[in-house]
Amino acid sequence: MALYLVQHGRARPKSEDPLQGLSEEGAADVRRIAEVAAHYRVRVSVILHSSKARAAQTAEILSAALHPPKGVRQIDGINPMDDAVTFAGTARVDQDEMIVGHLPFLERLMAYMVVGRADLPIFRMQNGGIVCLDHYPETTRPVIRWALMPHVG
């Protein structure tokens, strides 16, 4: 059981797309990462995403590859500037949930869950990347078990 954090794929500029949906490159990155995750048999029960177009599109691409039994659902509280500490109280590492969201929220959530401080960066996410948080024996907080990122460097 784990909690998967995903930064949405690269979006189009606001001048080109006011809703800032995924760019072609962003969608391609997410498809590639989704295929790798499926190949490694990553199992998610549900994919949760913010109301922003780029997060919803990322979630749909991931869903097509990972087939979560509970589907894809939009939730509140995971937008870029939302309070990660408050949300952490509802985030469950034992439910195989995938959260598709935004920076700085996701990095703050990860930091708070792993080290208890939202203001202490512990991992630099990438557009389209997945970070897996999981329990580790003899600890009360989750650890970063693995990460899949579209670009090295």
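This text follows the structure it describes.
Note that the structure is predicted; figures quoted are calculated from it, not measured. (Residues numbered from 1 in each chain as written. Predicted model: local features only at pLDDT ≥ 70, side-chain atom pairs only at ≥ 80, totals over all residues. Heavy atoms only, no water.)

Participant: How do you make sense of the pattern of salt bridges when you look at a structure like this?
Facilitator: Opposite charge on two side chains permits pairing when their charged atoms draw close. Scanning all chains against the criterion turns up 8 salt bridges. In this structure, Asp-119 and Arg-117 form a salt bridge, with 3.1 Å as the shortest nitrogen-oxygen distance. Through salt bridges with shared partners, a single network forms among Arg-10, Glu-25, Asp-29 and Arg-32. (Salt bridge = Lys/Arg side-chain N within 4 Å of Asp/Glu carboxyl O.)

Participant: How should I be thinking about the packing of aromatic side chains in this particular structure?
Facilitator: Working definition: an aromatic ring pair is given by the centre-to-centre distance plus the angle between the planes. In total, this model carries 2 aromatic pairs according to the counting rule given. Look at Tyr-4 and Trp-146: their rings are 5.8 Å apart centre to centre, the planes differ by 45°, and that puts the pair in the tilted class. Of this pair, Tyr-4 sits in strand 1 (residues 3–7) while Trp-146 sits in strand 6 (residues 143–148), and the two are 142 residues apart along the sequence. Assessed through its relative accessible area of 7%, Tyr-4 is described here as buried. With a centroid separation of 5.7 Å and an interplanar angle of 75°, the aromatic rings of Phe-87 and Phe-105 are classed as edge-to-face. With a gap of 18 residues between them, Phe-87 in helix 3 (residues 84–88) and Phe-105 in helix 4 (residues 105–115) connect regions that are remote in the sequence. For the pair Phe-87 and Phe-105, a shared accessibility class is recorded, and that class is buried. Seen from the ring of Tyr-112, Arg-141 lies directly overhead, with NZ or CZ sitting 5.6 Å from the centre. (Phe/Tyr/Trp six-rings, centres within 6.5 Å; stacked < 30°, edge-to-face > 60°. Helix = DSSP H or I, 4+ residues; strand = E, 2+ residues; numbered from the N terminus. Buried < 20%, exposed > 50% of the residue type's maximum accessible area, 1.4 Å probe, protein only. Lys NZ or Arg CZ within 6 Å of the ring centre and 35° of its normal.)

Participant: Explain helix 4 to me, please; I cannot follow it from the model alone.
Facilitator: Structural remark: α-helix, 3.6 residues per turn; residues separated by three or four positions point the same way. Listed as buried for helix 4 are Phe-105, Leu-106, Leu-109, Met-110, Ala-111, Met-113 and Val-114. In this fold, the buried residues of helix 4 make contact with strand 1, helix 3, strand 4 (97–101), strand 5 (130–134) and strand 6. Following helix 4 by one or two positions, Gly-116 adopts a phi angle in the positive range, close to 85°. (Contact = heavy atoms within 4.5 Å.)

Participant: When you look at the environment of Met-1 in this model, what are you seeing that I'm missing?
Facilitator: Note that Met-1 resides in the segment before strand 1. Overall, Met-1 belongs to the exposed group, its relative accessible area being 60%. Along the backbone, Met-1 and Arg-41 are 40 residues apart, and their C-alpha atoms lie at a distance of 13 Å. Excluding its chain neighbours within four sequence positions, the residues that come into contact with Met-1 are Val-93, Asp-94, Gln-95, Asp-96 and Asp-134.

Take it as geometry only, folks, not as evidence of what the structure does.
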